[in-house]
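# Descriptive structure summary
So you can see what is in the structure, the chains are spelled out below.
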Amino acid sequence: MPQLTQACGVDALGVSSIVGMFYYGYSPFSLVAGANIDRFGARRIITIGAALVGLGAILFGSGNVPGATVGRFLQGAGGAFALLGRSI
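Being a predicted model, the structure only gives us computed values, none of them experimental.

With respect to the helices and strands, Gln75 occurs in helix H4 (residues 65-86). Owing to a relative accessible area of 13%, Gln75 belongs among the buried residues under this scheme.

The end-to-end C-alpha separation of helix H3 (residues 42-60) is 26 Å, in line with the 27 Å expected for 19 residues at 1.5 Å each. Considered for burial, the residues of H3 that qualify are Ile45, Gly49 and Gly56. The buried residues of H3 occupy one face: seen down the axis, they fall within an arc of 35 degrees. H3 presents Arg43, Arg44, Thr47 and Ile58 as exposed residues on the side facing more than 90 degrees away from its buried surface.

Another aspect to go through is the packing of helix H2 (residues 12-40) against H3. Between H2 and H3, the shortest axis-to-axis distance is 10 Å and the interhelical angle comes to 165 degrees. Put simply, H2 runs roughly antiparallel to H3. Relative to H3, H2 is oriented so that their crossing is right-handed. Contacts from Ile18, Asn36, Ile37 and Phe40 of H2 reach H3 at Ala42, Arg44, Ile45 and Phe60. Taken together, the residues of the contact of H2 with H3 break down into six nonpolar, one polar and one charged.

All right, on to the environment of Gly76 then. Here Gly76 shows up in helix H4. Those residues within four positions of Gly76 in sequence are excluded, and the remaining contacts are Phe22, Gly25 and Tyr26.

With that settled, consider the environment of Ala80. With respect to the helices, strands and loops of the structure, Ala80 is situated in helix H4. Ala80 sits in the buried class, given a relative accessible area of 0%. Sequence separation between Ala80 and Asp38 is 42 residues; the distance between their C-alpha atoms is 14 Å. Excluding residues within four positions of it along the chain, Ala80 makes contact with Tyr26, Phe29, Ser30 and Ala33.

As enumerated under the stated definition, the model contains four aromatic pairs in all. Look at Phe29 and Phe73: their rings are 6.1 Å apart centre to centre, the planes differ by 80 degrees, and that puts the pair in the edge-to-face class. A residue pair is termed long-range when its members are at least 10 positions apart, and Phe29 in helix H2 and Phe73 in helix H4 qualify at 44 residues. Residue Phe29 is classed as partly exposed on the basis of its relative accessible area, which comes to 27%. Where Phe29 meets Phe81, the ring centres are 6.2 Å apart and the plane angle is 50 degrees; that geometry is what we call tilted. You can see Phe29 sitting in helix H2 and its partner Phe81 sitting in helix H4, a full 52 residues away along the chain. Using a relative accessible area of 6% as the deciding quantity, one classes Phe81 as buried. Here the aromatic residues Phe22, Tyr23 and Tyr26 are joined through ring pairs into a cluster of three or more.

Reading the values: the criteria
- Residues numbered from 1 in each chain as written.
- Predicted model: local features only at pLDDT ≥ 70, side-chain atom pairs only at ≥ 80, totals over all residues.
- Heavy atoms only, no water.
- Helix = DSSP H or I, 4+ residues; strand = E, 2+ residues; numbered from the N terminus.
- Buried < 20%, exposed > 50% of the residue type's maximum accessible area, 1.4 Å probe, protein only.
- Expected span 1.5 Å × (residues − 1).
- Arc of directions from axis to C-beta.
- Axes fitted to C-alpha atoms, helices over the stretch in contact; angles between N-to-C directions.
- Parallel < 35°, antiparallel > 145°, perpendicular 65-115°, else oblique.
- Left-handed = near helix turned anticlockwise from the far one by under 90°.
- Contact = heavy atoms within 4.5 Å.
- Nonpolar A, V, L, I, M, F, W, Y, C, P; charged D, E, K, R; others polar.
- Phe/Tyr/Trp six-rings, centres within 6.5 Å; stacked < 30°, edge-to-face > 60°.

So, in C-alpha cells, the structure goes:
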C-alpha cells in the first residue's frame with residue numbers, strides 16, 4: 001500500500017478506490033462472460049479476457065490515477081472471462 005500511494009500520488013483512500021475498481025469490472029462482466037462463452041466458445045473468450053487483463057496491467061502500471069483506474073477495471077473484466085472460461 002505505501003508503494004502504491006507513493007507511485008500514484010494519492011492517499012490510502014485513493015488507492016483503495018483504484019483497487020476497488022476491479023470488482024466494478026468483474027461483477028457485470030461475469031454475466032456477460034458466461035453468455036459469450038456459450039455463444040462463441042471458450043478459446044476465443046479466454047484469449048480476449050487475457051488481452052484485457054494484460055492491457056489493464058499496462059495501464060495500472062502507468063502511474064497516473066485515471067490510467068490505473070481504467071486498468072483495474074479492465075483487469076476485473078478480463079479476470080471474469082478467464083475464471084469462467086477455466087471452469088469449462
